[in-house]
There are 2 protein chains.
Amino acid sequence: MKIDLNRSSKIPLVKQISQALEDRIRSEHLKKGERLSSVRKMANDLGVSPVTVIKAYDLLEKEGLVTRVHGKGTFVYGEAESKACLYHQPAQTITDYMHRSQYLMYTQRRKRVDLSSSTVQTELLPLPALLESVQHLMEKEPEVLCQYGDIKGDGELRKAASNYLTYQGVSVDSNELLITNGSQQGIDLVARCFLRPGDVVITEETTYSAAIDTFRGTGATILPVPMDRDGLRVDKLTALCDTYQPRLIYTIPTFHNPTGTVMSLKRRGQLLQLAESIPCLIVEDDPWSEIYFDDPPPPSIKSLDSTGNVIYLKGLSKILSPGCRIGLLAASGPVLKRLLIAKTNSDLGSPLLTQRAILPLLQAKKTQTYFQQLRKALKERRDLVVRCLQEHAPPGIDWLIPSGGFNLWLTLPRETNAHDLLHHTEKENISFLPGSACFSSDPSYHCLRISFSSAPNDILYSSIKEFCRILTDYLEKRPSEGIKPIF
Amino acid sequence: MKIDLNRSSKIPLVKQISQALEDRIRSEHLKKGERLSSVRKMANDLGVSPVTVIKAYDLLEKEGLVTRVHGKGTFVYGEAESKACLYHQPAQTITDYMHRSQYLMYTQRRKRVDLSSSTVQTELLPLPALLESVQHLMEKEPEVLCQYGDIKGDGELRKAASNYLTYQGVSVDSNELLITNGSQQGIDLVARCFLRPGDVVITEETTYSAAIDTFRGTGATILPVPMDRDGLRVDKLTALCDTYQPRLIYTIPTFHNPTGTVMSLKRRGQLLQLAESIPCLIVEDDPWSEIYFDDPPPPSIKSLDSTGNVIYLKGLSKILSPGCRIGLLAASGPVLKRLLIAKTNSDLGSPLLTQRAILPLLQAKKTQTYFQQLRKALKERRDLVVRCLQEHAPPGIDWLIPSGGFNLWLTLPRETNAHDLLHHTEKENISFLPGSACFSSDPSYHCLRISFSSAPNDILYSSIKEFCRILTDYLEKRPSEGIKPIF
């Protein structure tokens, strides 16, 4: 096993080691019942003292992730499962640096009724407009199939995207844009430019699971900051920055994923000010600010930024075309230049075909009409889910009513475990996202995320009702002692 | 400036520091005339002793990259240029880890007659077949525009790709394939899974410039191994492995980029054996083995591999559709699983539209007919370039006649500098790739690569003739003392 340590980081080695192991256990690279390397071997492999390894194993034991058997060693908590699963070879057979893959893990567990992925039901997407665009493109410029585009992104698309964003209140020049493969690649480009083992990233307490995977993939340490109804607690972050100098603050201020919270305008300003004073970069991920159910959300942090400290990510996959996988990244000056290098090293630029296919949708007024319809449809679904929960959820369940976006965040009684619940709902072909996937470390297990965007109304209602039934059943039957909250 | 050091690596800190600075100078992030940090500041920033920094600066001075001015400091060699260039802000204004970007640098310098990029002239590519494919797709399955594909890649495409590769002699199951955004992303996924600062990668002495950028972007150190007419000198590599344990061997065995060399079957077997004994992974990059001019090349290394140590990359952009940017990665077992995690973290999967657009071309027998035509067309161009060089090149110029691929490698007299020559040809709107971009360190400046794939015959001939004229002129006029070979 290869764990990358940064000996000059403020993050203690013990924590760096235990986190890497926690990632591997929670992503099932190290499986239930699997034995960890002996203290002596691990210390040797990593070039640290045995005491450091012992302390790291202690931390894991305290978190309920491993158990020690006297004279036999340290084992991943839980009974060894014989059934085949994603990673059936022992992790030790190949040394690599990819420790965490919870997004992938849950993607592969999606069921017929998929309440786990924040994607829009195909029928709601603007298929006619996209189809017309491709047909027109093939008539007029089929040669795009045989051409490389600009690495930065097609000039026409960047111009249209600049207008689109300006209309949304984010005024950026087309030269300050980079076209990416969905906003996931934007997150990834940022990570590879600015993060290395031992570096510190700030995120909201819970955050987008695939962003955690990507940041942890660089070996960086994530420090989560508590939130309240106004979003990230900037006061807590300020205190944290006395000890740690973060390289990045990653935030989803508008209809936060997974909780749906909206960061207040005041907080946005405070966060910007803090980032300038550190100084560090803010990565503002904005997947669905177009999808508000009441008033439009406050202006983006990027629109308040005058120093170029904010990298703004706008994904177009979810809300316009998953099949094109286009994202926009807005940044400026040397930050943008470094990101362009990273894009080059990544893939030499996004395909011209998909860029040109989505182009007309950014130019058309019709797209704004489409957004109106989408807002209406998703608001209906949100209301439907909330109503169903009010009618059928057992006592002791809490949820936040989101004012936009695709998701609803549920809290179960403290001693329950959403992973156990998932095993039960999966039997009925219903999947959701266990909340623990949204924590970078020390997860809560008694929370979960329901996406109401991908299932049609009738199925959505009936499966939320079914979900409530299973949940009621689960709460009644669970051992009163409360099993150890490990998935 | 952020330089990532690995204190437990076999690569000395002095070398790690000097290489990072060399990358930045050669990629023009640090510009001519720019002052490096003082020894004291650099030592402080990096947490090393001043002696280490002094030695690193010494190395750079010996290579002609910096000069020291007593009492003033250490400066990048050359007169400061006032004209705006790609990186006009001082590198110090933002700290990041992207040090090398020579591919991007030269991409942005392409001229009207582009002999610098190994791309196929649009008119030679199978546009009618691609167009038909997209039109048919829009008729039958327009919903791909609104769907996410499998992160691993579309199942249909993987099946077709498996058949395609099997036909090419690389027998892989569709489950052992990952669809990437061109083979560049394949290189990148490998780098992020298996490389960190201080790790060692082996490459041929000269290699694909963007692969160097990507490997160096992880902070890894590249050790180049000499080649002869049979490819990489496995005996030299074996000796090197007594001291350094590489994590990866990256090779382009068939029509090597940039030299066009073909690795012999015997060497392929030896390399495989060596990799198994270390053990380490082989990354076999195969951009154009379909494009042979005489006999088909020897079997790929992947086809000889029985242990899963070889990761095989087949790009489809160059030879089939640049506008779709699809690449294939073949690997197995835990290696593939890690690469799938990296793909997830990178971009959650390639667009479904481009995958489906290229699909029929992998199934069609017509594609083999197309390859026959492409081979014929490019062989004609190779012959044309060789004839033109024979007729017009000044004495003292050597070249290798490639038996396949898109490129021809030229060697100038030892004390010349292809960068100077490029300045002259660019005035006539002709660009080529200076050979130094293909060296990871200690470059030779008296060599260059000409791509004969992108310009039509008549323009190709006339511009090679013009190139010879400029070259003759350059050789006659250059100062007899020989300027210092810095670009």
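Thresholds applied
- Residues numbered from 1 in each chain as written.
- Chains lettered and ligands numbered in written order.
- Predicted model: local features only at pLDDT ≥ 70, side-chain atom pairs only at ≥ 80, totals over all residues.
- Heavy atoms only, no water.
- Least-squares fit on C-alpha atoms with pLDDT ≥ 70 in both.
- Contact = heavy atoms within 4.5 Å.
- Pairing = 2+ DSSP bridges.
- Helix = DSSP H or I, 4+ residues; strand = E, 2+ residues; numbered from the N terminus.
- Buried < 20%, exposed > 50% of the residue type's maximum accessible area, 1.4 Å probe, protein only.
- Disulfide = S-S within 2.5 Å.
- UniProt positions renumbered as here; feature names shortened; annotations may be inferred.
- Axes fitted to C-alpha atoms, helices over the stretch in contact; angles between N-to-C directions.
- Phe/Tyr/Trp six-rings, centres within 6.5 Å; stacked < 30°, edge-to-face > 60°.
- Buried area = accessible area lost by both parts, 1.4 Å probe.
- Salt bridge = Lys/Arg side-chain N within 4 Å of Asp/Glu carboxyl O.
- Polar contact = N/O pair within 3.5 Å; in protein donor to acceptor, adjacent residues only side chain to side chain.
- Parallel < 35°, antiparallel > 145°, perpendicular 65-115°, else oblique.
- Left-handed = near helix turned anticlockwise from the far one by under 90°.
- Nonpolar A, V, L, I, M, F, W, Y, C, P; charged D, E, K, R; others polar.

Another aspect to go through is the relation of the copies chain B and chain A. When chain B is fitted onto chain A, the two copies agree to an RMSD of 0.0 Å after a turn of 180° and an axial shift of 0.0 Å. On the angle and the small slide along the axis, the relation comes out as a two-fold axis. Looking at the interface residues of chain B, 100% of them are also at the interface in chain A, so both copies use one shared face.

Regular strands place side chains that alternate from one sheet face to the opposite one. Residue and element names in this part refer to chain A. Across four bridges, the pairing between strand β1 (residues 66-69) and strand β2 (residues 73-76) is antiparallel. Residue pairing for β2: Val 69 is matched across the bridge by Gly 73. Between β1 and β2, which follow one another and run antiparallel, lie three residues, and Gly 71 among them has a positive phi close to 80°.

All names here are of chain A. As for its position among the elements, Ser 133 is in helix α5 (residues 127-140). Residue Ser 133 is classed as buried on the basis of its relative accessible area, which comes to 6%. Residues in contact with Ser 133, not counting those within four places in the same chain, are Arg 356, Ala 357 and Pro 360.

This part is about the environment of A:Gln19. Residue and element names in this part refer to chain A. You can see Gln 19 is positioned in helix α1 (residues 13-26). The exposure class assigned to Gln 19 is buried, which follows from its relative accessible area of 5%. As a C-alpha pair, Gln 19 and Asp 442 span 423 residues in sequence and 9.6 Å in three-dimensional space. With sequence-adjacent residues up to four places away left out, Gln 19 is seen in contact with Arg 216, Thr 221, Ile 222 and Ser 441.

Below, the discussion takes up the environment of A:Ala220. All names here are of chain A. Within the secondary structure, Ala 220 is located in the loop between α8 (209-217) and β6 (221-225). Taking the C-alpha atoms as reference points, Ala 220 and Pro 297, separated by 77 residues in sequence, lie 31 Å from one another. Apart from residues no more than four positions distant in its own chain, Ala 220 is found in contact with Leu 195, Arg 196, Pro 197, Gly 198, Asp 199, Val 201 and Phe 215.

Tallied over the entire structure, the rule returns zero disulfides over all chains. Free of any disulfide, B:Cys146 has its nearest neighbouring cysteine sulfur in A:Cys324, separated by 8.5 Å. Judged by its relative accessible area of 2%, B:Cys146 falls in the buried class.

Mapped onto this numbering, the UniProt entry gives "domain: HTH gntR-type" (unreviewed entry) at residues 11-79 of chain A. For residues 11-79 of chain A, the helix share is 51%, the strand share is 12%, and the end-to-end C-alpha distance is 32 Å.

All names here are of chain A. Spatially, β4-β12-β11-β10-β9-β5-β6 is the arrangement adopted by the seven strands of the open sheet, whose pairing is mixed. Two strands lie at the open edges of the sheet, namely β4 (177-180) and β6, each paired on one side alone. The average angle at which neighbouring strand axes cross in this sheet is 20°, direction not considered. Both β4 and strand β12 (residues 327-330) contribute to a ladder of four bridges, which runs antiparallel. Bridge pairing in β12 links Leu 177 to Ala 330. Along the sheet, α8 makes contact with β5 (200-204), β6 and β9 (248-251), crossing β6 at roughly 140°. Helix α10 (residues 265-277) contacts β9, β10 (281-285) and β11 (310-315) of the sheet and is inclined by roughly 145° relative to β10.

Residue and element names in this part refer to chain A. Per the stated rule, a full pass over the model turns up twelve aromatic pairs over all chains. Ring geometry for Phe 215 and Tyr 250: centres 5.4 Å apart, planes at 70°, overall edge-to-face. On the criterion of sequence distance, the pair formed by Phe 215 in helix α8 and Tyr 250 in strand β9 is long-range, its members being 35 residues apart. Exposure class is identical for Phe 215 and Tyr 250. Each is buried.

A few words on the interface of chain B and chain A. Taken together, the contacts link 84 residues of chain B with 84 residues of chain A. With both chains or domains summed, chain B and chain A bury close to 7,000 Å², and 65% of this area falls on carbon and sulfur atoms. Our count for the chain B to chain A interface comes out at six salt bridges. Between A:Asp188 and B:Arg192 there is a salt bridge, and its shortest N-O distance comes to 2.5 Å. For the pair chain B and chain A, the number of links is 37 residue pairs in polar contact (both at pLDDT 80 or more).

Let us now look at the pattern of salt bridges. Scanning the entire structure with this criterion turns up 54 salt bridges over all chains. Between B:Asp199 and B:Arg247 there is a salt bridge, with the nearest N and O atoms lying 3.6 Å from each other. Of this pair, B:Asp199 sits in the loop between α7 (182-194) and β5 (200-204) while B:Arg247 is found in the loop between α9 (234-243) and β9 (248-251), placing the two residues 48 residues apart along the sequence. B:Asp199 gets classed as buried once you look at its relative accessible area, which sits at 7%. With a closest N to O distance of 2.9 Å, B:Glu466 and B:Arg469 form a salt bridge. Of the two residues, B:Glu466 and B:Arg469 both sit in helix α16 (residues 457-477), three residues apart, roughly one turn of that helix. When salt bridges with common partners are traced through the structure, they connect A:Asp188, A:Arg192, B:Asp188 and B:Arg192 into a single cluster.

The next point concerns the packing of helix α14 (residues 366-392) of chain B against α16(B). All names here are of chain B. At their nearest, the axes of α14 and α16 sit 9 Å apart, and the two run at 30° to each other. Relative to α16, the element α14 lies roughly parallel. Read as a crossing pair, α14 and α16 show a hand that is right-handed. Residues Glu 380, Arg 381, Leu 384, Val 385, Arg 387, Cys 388, Leu 389, Glu 391 and His 392 of α14 form the contact with α16, whose participating residues are Asn 457, Leu 460, Tyr 461, Ile 464, Lys 465, Cys 468 and Thr 472. Residues that form the contact of α14 with α16 fall into these classes: eight nonpolar, three polar and five charged.

Let us now look at the sheet that holds β5(B). All names here are of chain B. Taking strand neighbours across the sheet as the criterion, the seven strands line up as β4-β12-β11-β10-β9-β5-β6 in an open arrangement whose pairing is mixed. With partners counted over all chains shown, the strands left at the sheet margins are β4 (177-180) and β6 (221-225), one partner each. Pairwise comparison of adjacent strand axes, ignoring direction, gives a mean angle of 20° for this sheet. Where β5 and β6 come together, five bridges link them in parallel fashion. Pairing of Thr 203 across the sheet is with Pro 224, part of β6. Helix-sheet contacts for helix α6 (residues 155-167) involve β4, β11 (310-315) and β12 (327-330), and the interaxial angle to β4 is about 110°. Strands in contact with helix α10 (residues 265-277) are β9, β10 (281-285) and β11; relative to β10, the strand with the most contacts, it is inclined by about 145°.

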